[in-house]
Structure formats: structure tokens, C-alpha cells
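# Tertiary structure, described
Chain residues, written in single-letter form:
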Amino acid sequence: MGARQSRASSKDKGPKRILFTGRRQKFSPWDDALLPGRDPRSLLKRGMHHVSFSLVTRGMTDIPDFLWGLSEVQKLNLSHNQLRVLPPEVGKLTRIVVLNLCGNHLKSLPREVSLLQGLRVLFVNMNCLTEVPAELSLCRKLEVLSLSHNCLSQLPACFADLSRLRKLNLSNNLFAHIPMCVFSLKELIFLHMGSNRLENIAESIQHLTSLQIFIAEANNIHSFPRSLCLVTSLELLNLNNNDIQTLPSELHLLCRLVRIAWNPMDKGLHISHNPLSKPLPELVEGGLEMLFGYLKDKKHT
């Protein structure tokens, strides 16, 4: 698997810095529909900290052209429409901090996203993405990235440059392994890899020393790696619905896991619906302290 990852990385061309040179698109029919004689800026909402603009659940198939003239927009919500393309003109909105494109039909993102240098939060979940442009790695202030519910199987190696990223959601995709670039994200506190095609968790997981929540439920993971026990910052570890049969004796090192958790939202260790070998199922029922004690005793016998 490491070899395959290396070959994939070698093919990664990396991001290309670009200058926005696109011309104005043909006038969209949505301009007249949304602006019957109104000034586009009248639709802006000016809060204490951000200027926001929202066109949620409008059934739009393309984005109205007047939007590209609203350069002061900092929070833009275009979620739950029928957008198939995000035009390169998005690069004109250089003040954007939060961009929500959730629930559309996007198959790709334009390279011009690299021009959104102030971007901190990006939601592109529930779309049809098969790849993500390497240029997104130039958005160095990005802290939250959700790419869940797409058709992704890899990430550009240069995503390792997203050094401020704290929350990454890659659930419900086609990943056969955790992308190697993820292990370079030292500030990451939340990682969701649930409902993919994982069969193992790489030893490099131990490098995510700030990770507090790790979800890898509903995969086909065969073993619980000892290296995961070195991520002592973990407060929620969800490995439900996998193929794990044994647990490492070092599990007690995860001292911030306060309980065996059954509710999906609870902090603690989620390990249900795995073919655990006896007597582990009974010990899990007895609670985390009993499980830790058994594993430590077993190590010394």
C-alpha cells in the first residue's frame, strides 16, 4: 500500500498559482428572477463580524452573475441547490471566509479557489466530486474542510500544506486508506473517515498528536493498531461496525476515553458490532475500567 501511495504522490503535479483573468459570464436567468429591479447589495446581511449572502434551496442550476460583483461577501451559502458547476469567477470573492456548497451536483472545483486566501471554512459535502484540485492547498488559512458524501478515493499530496486545518470530514467516500497527506496535519483535532473502504489504519496515525475525535466506523478494518494507542489526546474513538477481533494491551494509554460509548454523540470508545473474540464482548459490556484491567493483566501473563 505504501508503494501505491508513493506512486500516487509522484504523479501529483501540485498546485499552480493563477491570476484571475476570466471574463463576465453570459447573463444568467437567475439574475432577473432574484433581483426584480433591486440593488444586489440589498440582499446582503451585515452582521457584527461578517457580511453574508445566502441562496439556499432555490433550485438554481447556475449561479447568478450579480454575485461576482459582491466583493464584500465573507460568508456565502449556496447549499442545497442543483448546481453542476462552480464558475472560475468565484475567485473574485477574495474576502470569503466561509463557503457552503453542500448538497449540489458539483463534479469538480475550479482552480480559482486558490484565490480565496482568507477562506477558513469550506463545505462541499453531498456533491459528486471525484477529485479535489491541488490548488485548494494554497488556501493556507483553511481550518474546516468537509468533503463527505462524494466519490473521492484520494487527495493531492500537497494538502499536507494545510497546516491550520483542524477539522476534516472525508466520510462516505471511496477511500481504501487514509491519505498520507492527512498524517502531516498536526493541528487536526477532528477526523471522520467513516463509511469508506478502509481495511487498516496506518501506523502514521500516531503523528496526529492533537487529534481528539477519530471516527472510522462502517469500514472493513481488521485490526486495532497499537500506534493508535499513542494518540493519547483522543476523547472519542469510533470503530463501530468493522471487522476487529482483538484489542491491544496498550489501550489503557487512551486515558481520555472515559467510557464505553453506545450513543453516537457520546465521548468514549465505540467498539460495538465487531467480531471481538471472547471474553472481550463480556468485558466491553462491563465497562472501560474492566476492559483496561483485563488487557493490562493479559500483557503481564
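For the structure, check the block above.
Bear in mind that the values here come from a model prediction, so they are computed numbers and not experimental data.

### Topic: the overall build of the protein
- If you tally the helices and strands in the protein, you get 4 helices and 11 strands.
- The contacts in the protein between residues at least 6 apart in sequence include a share of 39% that link residues at least 24 apart.
- In the structure as shown, the protein presents an accessible area of about 14800 Å², 50% of it carried by carbon and sulfur atoms.

### Remarks on the nonpolar core
- Residues F214 and L291 are the most contacted members of the largest nonpolar core, which totals 81 residues.
- At the level of elements, β2 (51-54), α3 (280-286) and α4 (288-299) are the ones that each hand at least two residues to this core.
- Per-element accounting of this core gives the leading share, 4 residues, to α4.
- Every residue in contact with L291, bar those within four places of it in the chain, is listed here: L247, L251, I260, L269, L280, L283 and V284.

### Notes on empty space enclosed by the protein
- What the rule picks out here adds up to 1 cavity of 30 Å³ or more.
- The volume enclosed by the largest cavity comes to roughly 30 Å³.
- Surrounding the largest cavity, L155, F159, L162, L165, L168, C181, V182 and L185 form its lining.
- Residues that form the lining of the largest cavity fall into these classes: 8 nonpolar, no polar and no charged.

### Considerations on α4
- Taking 1.5 Å per residue as the helical rise, α4 with its 12 residues ought to reach 16 Å, and the 17 Å between its terminal C-alpha atoms agrees with that figure.
- Of the residues making up α4, those classed as buried are L288, L291, F292 and L295. Taken around the axis of α4, the buried residues stretch over an arc of 100°, which confines them to a single face. Exposed side chains of α4 directed beyond 90 degrees from the buried face belong to E289 and D297.
- Contacts from the buried residues of α4 go to β11 (268-270) and α3.

### Describing the pattern of salt bridges
- Counting across every chain of the model gives 6 salt bridges.
- The structure contains a network of salt bridges with shared partners spanning E235, R256 and K267.

### Details of the side chain of S137
- Note that S137 resides in the loop between β5 (121-123) and β6 (144-146).
- A distance of 2.7 Å separates a polar side-chain atom of S137 from the backbone oxygen of A134.
- Sequence-distant contacts of S137, defined by excluding residues within four places in its chain, comprise P15, C158, F159, D161 and L162.

How each quantity is defined
- Residues numbered from 1 in each chain as written.
- Predicted model: local features only at pLDDT ≥ 70, side-chain atom pairs only at ≥ 80, totals over all residues.
- Heavy atoms only, no water.
- Helix = DSSP H or I, 4+ residues; strand = E, 2+ residues; numbered from the N terminus.
- Contact = heavy atoms within 4.5 Å.
- Areas by Shrake-Rupley, 256 points an atom, 1.4 Å probe, with all protein chains shown as cover.
- Core = buried A, V, L, I, M, F, W, Y, C linked by side-chain atoms within 4.5 Å.
- Buried < 20%, exposed > 50% of the residue type's maximum accessible area, 1.4 Å probe, protein only.
- 1 Å grid on protein atoms, 1.4 Å probe; cavity = no way out; pocket = protein on both sides within 12 Å on 5 of 7 lines; lining within 4 Å.
- Points joined across faces, edges and corners; volume = space filled by probe spheres on them.
- Nonpolar A, V, L, I, M, F, W, Y, C, P; charged D, E, K, R; others polar.
- Expected span 1.5 Å × (residues − 1).
- Arc of directions from axis to C-beta.
- Salt bridge = Lys/Arg side-chain N within 4 Å of Asp/Glu carboxyl O.
- Polar contact = N/O pair within 3.5 Å; in protein donor to acceptor, adjacent residues only side chain to side chain.

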